[in-house]
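Below, each chain spelled out in residue letters.
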Amino acid sequence: MKKRVICILPTMFLFFLCCNSQAQIQPTNPAYSGYNCNASQTISPCQTYVFYQARSPDYLDLASIADLFSVSRLMISHPSNISSPSSPLIAFQSLFIPIQCSCNKINTSRSISYAGLNYTIKKGDSFYLVSRNHFQNLTRYQSVQVVNPSLVPTNLEIGVNVIFPIFCKCPTKAQLGNQTNYLISYVFQPSDNLSSIATKFGSDTQSIIDVNGDEIKIFDTVFVPVSQLPNITQPVVAPVLPEKTERKAKVRGLSIGLAICGILLILVCGMWGYRENLIKKNRGKYKDVEKSKMGKKKRAEEVNLMADVSDCLDKYRVFGIDELVEATDRFHDKWILQGSVYKGSINGELYAIKKMKWDACEELKILQKVNHGNLVKLEGFCIDPEDANCYLIYEYIENGSLHSWLHSSRSKELSWKMRLKIAIDVANGLQYVHEHTRPRVVHKDIKSSNILLDGNMRGKIANFGLAKSGCNAITMHIVGTQGYIAPEYLTDGVVSTKMDVFSFGVVLLELVSGREAINEEGKVLWSTIDGILERKSGKTERLREWMDESLRIEESYTMDSVVNVVSVAIACLHRDPTRRPSMVDIVYALCKSDDLFSDLSQDGLSPRLVVAR
């Protein structure tokens, strides 16, 4: 009896190892589901960095790494001491990548600290493989499951969007007082020890232990406290010229290889021809059956797609896919306006054609509710059952986005009065969306690149792709653009009209300062306005110094008008959403500017008419 037990136990142990291979590679650790945090004790959200290494074959250039982390190449090259964003990388080259870290509530009793990055699942992906290979263990599959509770890890569809929580921590107030400005996320490697990590980052061993404890395991995330980013010494890659003898050897080897390949190719072609002759006889009888099946499948897809948008058929024009293909030269890159939006001419009329996978049903339902002069108008749509694509066809806005004007040499052409009008246009559009739809619509992605300027330089709100019908909801699926996201949405997932108000406040700061919503170092614009208007003494001088340089040389504005706009922006950016003004109040406040009165009087308009428009 004892011998039988001895034989069975090793077998059961081996079976357990095989069935739990993933658990063996990543041992169970409570921290893998996320690092606990308390928003009241830390400075959240905060800007921090992760230590990352270039890896072949997919991540040997800044462009692919920047796309993975949803940042620009400059935001990586500057802190990583790389002279040019287009410079090629070598394997295992060290990089510092900025992330926006925050304390996020996952249920009523627990909050974890992470930076949520959107990743689109591709063929062969899994939570574990993406965490290990793409994000280099800066997150773990257990944490991905916690943050994406609605997704089934064993049944991930290609194209689905997943939030990968990158492990990070924000410093506490006590740590900030001790000059700890960043807690850099670093993955502990087999060759590491605490002393080597401290030397690498210019920290000290005891400070690392104070933050992380002394039981750090291989591939754990270590948060390294530093007062400033250490200077990375980047390698210099010099081209190596081959010697003549090496060149001759390569030519000789290549000749031999080509000869062998030629012989093999002849043999393969012969076998392939023989195989084709054998199956050619049987191909005919199956061909008609397959055609019939494919035809039925395509017709069924088309019926399903049309059923989803049946309510829109009487309101919008239904374009044919052939019209769109011809209008865009088969969707040639030269007609791209932005992202997947193309410029196209149909019957002499210009349109903006937005190409997307079949997830436009919600956007169409929301666009049916809205019709306002400060919203980009939807003209029609098209579905293509061949590849399940949907196309939304909008009116063409000739002067492009506000972002392209503010952050280029064209900013000099934007006078103060023009900027003020654009701000009121956008405020009017948001007021309509918030007050005249039932249930209320939240845009969720107000930013300067989603504000388009028509031929008269009047602002129109575009892109309702992330919009939500209904307020005061809670979501775990955080989407948006860094620098514009409201704190309560980032930390708790609260969806309300006040998150649009916050984003609009950032746009107002862009209009006044001419600066990006988030700079190359990852610092958000709204954090730079603190203190400028708090003290009365020197307020005008501080504000003038902070303003867009192209506005400072202009003589047609008054500082009272600028102070009024900045005051509105600061009110919009209040951390407590209940204390932010409504869009009705914002429109009224912006229209009180004397600069606006003098300009509107030339058009025969009054601020009251602007508010009611």
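Model, not experiment: these values are computed from the prediction. (Residues numbered from 1 in each chain as written. Predicted model: local features only at pLDDT ≥ 70, side-chain atom pairs only at ≥ 80, totals over all residues. Heavy atoms only, no water.)

Undergrad: Could you give me a rundown of the side chain of Ser-503, with the residues and numbers involved?
TA: Note that Ser-503 resides in helix H16 (residues 497-513). The contact partners of Ser-503, leaving out residues within four places of it in the chain, are Ile-446 and Tyr-484. (Helix = DSSP H or I, 4+ residues; strand = E, 2+ residues; numbered from the N terminus. Contact = heavy atoms within 4.5 Å.)

Undergrad: Tell me about the packing of aromatic side chains, and name the residues and values.
TA: Where two aromatic rings form a pair, the distance of their centres and the angle of their planes describe that pair. A complete count under the given rule lists 19 aromatic pairs for this structure. A centroid spacing of 5.1 Å and a plane angle of 85 degrees characterise the contact between Tyr-35 and Phe-223, whose relative ring orientation is edge-to-face. Of the two residues, Tyr-35 sits in strand S1 (residues 35-36) while Phe-223 sits in strand S7 (residues 221-226), which places them 188 residues apart along the sequence. Residue classification places Tyr-35 among the buried residues on the basis of a relative accessible area of 15%. Taking the centre distance of 5.6 Å and the plane angle of 80 degrees together, the rings of Tyr-119 and Phe-164 count as edge-to-face. Of this pair, Tyr-119 sits in strand S4 (residues 110-120) while Phe-164 is found in strand S5 (residues 161-167), placing the two residues 45 residues apart along the sequence. Of the residues examined, Phe-164 reaches a relative accessible area of 0% and is grouped as buried. Ring pairs connect the aromatic residues Tyr-52, Phe-69, Tyr-119, Phe-127, Phe-135 and Phe-164, which therefore count as one cluster. Over the ring of Phe-331 we find Lys-355, and its NZ or CZ is 5.2 Å from the ring centre. Sitting over the ring of Trp-405, Arg-410 keeps its end group 4.1 Å from the ring centre. (Phe/Tyr/Trp six-rings, centres within 6.5 Å; stacked < 30°, edge-to-face > 60°. Buried < 20%, exposed > 50% of the residue type's maximum accessible area, 1.4 Å probe, protein only. Lys NZ or Arg CZ within 6 Å of the ring centre and 35° of its normal.)

Undergrad: Lay out the sheet that holds strand S8 (residues 317-318) with the relevant residues and their values.
TA: Spatial strand order, S8-S12-S13-S11-S10-S9: six strands in an open sheet with mixed pairing. Each of the sheet's edge strands pairs with one partner strand only, and the pair in question is S8 and strand S9 (336-338). Relative to strand S13 (residues 389-395), strand S12 (residues 378-384) runs antiparallel, the two being bridged by six bridges. Within S13, the residue paired with Asp-384 across the bridge is Asn-389. (Pairing = 2+ DSSP bridges.)

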